[in-house]
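Residue-level listing of the chains:
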Amino acid sequence: MDQHSIEQAQADICKQYGHQFLACPIDSILGIAVHTLGHQTLNGLRHEPEGNTNGWYIWGGKHSSASDFFSPQHTAHLLEKAPKLMNYFGLPPGCRFLLAKDFADVWFDSALLNT
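To start, this report covers the structure provided alongside it. Here the structure is a predicted model, which means the values were calculated and not measured.

**Focus on the environment of Pro72**
Residue position: Pro72 is located in strand β4 (residues 71-74). Here the alpha-carbon distance between Pro72 and Thr53, two residues 19 residues apart in the chain, equals 8.9 Å. Those residues in contact with Pro72 that lie beyond four places of it in its chain are Ile29 and Leu30.

As C-alpha cells, then:
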C-alpha cells in the first residue's frame, strides 16, 4: 500500500464515523504492545501528537499499566504486523477504536485531550 492509498482509507474511516482527518505519517512513532497483537480484540487511542510521535497507543486484549507494556515503533512497521489498524490512524486526537473479528467501533473520549 502506498502513502496515498493509506491516507485515502484513513480519510474514509474518519468520514464514516464523523471525525475530521488528521494525517498520521508512516515514519512517525507510536506506542504499541507488540506482544498483545495476537488477541482477538485490538484497541487504539490517540493523544495529541508531540515531537515525532503521532499520539497513538495500540494494544490487544486487556490494557496494562505496567511501565513496559508499550514500546515505541515506527508506524510503518504495522503495515506488516497489523495492516487493518492503519485505516484507523487518521482519526484525530481524542478518538478511540475497538476492532474485533466482525466488529469495529470508534468513539471520542475527551479525557484523552486532558493528559
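**Observations concerning the environment of Phe108**
Among the secondary structure elements, Phe108 is positioned in strand β6 (residues 103-108). Take Phe108: its relative accessible area is 45%, and that puts it in the partly exposed class. Note: C-alpha distance between Phe108 and His35 (73 residues apart in sequence) is 26 Å. Not counting the four nearest positions on each side in its chain, Phe108 is found in contact with His19, Pro93, Gly94, Cys95 and Leu113.

**Describing the side chain of Arg46**
The topology assignment puts Arg46 in strand β2 (residues 42-46). Here Arg46 sits buried without a salt bridge, and the closest side chain of opposite charge, Glu48, lies 7.6 Å off (N-O distance). Within the structure, Arg46 has its side chain in polar contact with the backbone oxygen of Leu91 (distance 2.7 Å).

**Quick notes on the pattern of salt bridges**
Per the stated rule, a full pass over the model turns up one salt bridge. For the salt bridge of Asp109 with Arg96, the shortest nitrogen-to-oxygen distance reads 2.8 Å. Residue Asp109 is found in the segment after β6, and its partner Arg96 is found in strand β5 (residues 95-100); the two are separated by 13 residues along the sequence.

**Regarding the packing of aromatic side chains**
The final tally for this structure, using the stated rule, is six aromatic pairs. Each ring, one from Tyr57 and one from Phe70, has its centre 5.2 Å from the other, and the planes form 75°; the classification is edge-to-face. Residue Tyr57 is located in strand β3 (residues 53-60), and its partner Phe70 is located in the loop between β3 and β4; the two are separated by 13 residues in the primary sequence. Since its relative accessible area comes to 22%, Phe70 is described here as partly exposed. Consider the rings of Tyr88 and Phe97, whose centres lie 5.1 Å apart with planes at 35°: the pair is tilted. As far as the burial class goes, Tyr88 and Phe97 line up, both buried. An aromatic cluster is built from Trp56, Tyr88, Phe89 and Phe97, whose rings are joined through pairwise contacts.

**Here we look at the environment of Asp27**
If you trace the backbone, Asp27 turns up in the loop between α1 (3-17) and β1 (29-32). Accessibility expressed as a relative area gives 56% for Asp27, which makes it exposed. Spatially, the C-alpha atoms of Asp27 and His74 are 5.7 Å apart, while their sequence positions differ by 47 residues.

**Considerations on the sheet that holds β2**
Judged by pairing direction, the sheet is mixed, and its six strands sit side by side in the order β4-β1-β3-β2-β5-β6 without closing on themselves. Each edge of the sheet is formed by a strand with only one pairing partner; in this case those strands are β4 and β6. Between one strand and the next, the sheet's axes are offset by a mean angle of 20°, whatever the strand orientation.

What counts as what
Residues numbered from 1 in each chain as written. Predicted model: local features only at pLDDT ≥ 70, side-chain atom pairs only at ≥ 80, totals over all residues. Heavy atoms only, no water. Helix = DSSP H or I, 4+ residues; strand = E, 2+ residues; numbered from the N terminus. Contact = heavy atoms within 4.5 Å. Buried < 20%, exposed > 50% of the residue type's maximum accessible area, 1.4 Å probe, protein only. Lys, Arg positive; Asp, Glu negative; His and termini not counted. Salt bridge = Lys/Arg side-chain N within 4 Å of Asp/Glu carboxyl O. Polar contact = N/O pair within 3.5 Å; in protein donor to acceptor, adjacent residues only side chain to side chain. Phe/Tyr/Trp six-rings, centres within 6.5 Å; stacked < 30°, edge-to-face > 60°. Pairing = 2+ DSSP bridges. Axes fitted to C-alpha atoms, helices over the stretch in contact; angles between N-to-C directions.

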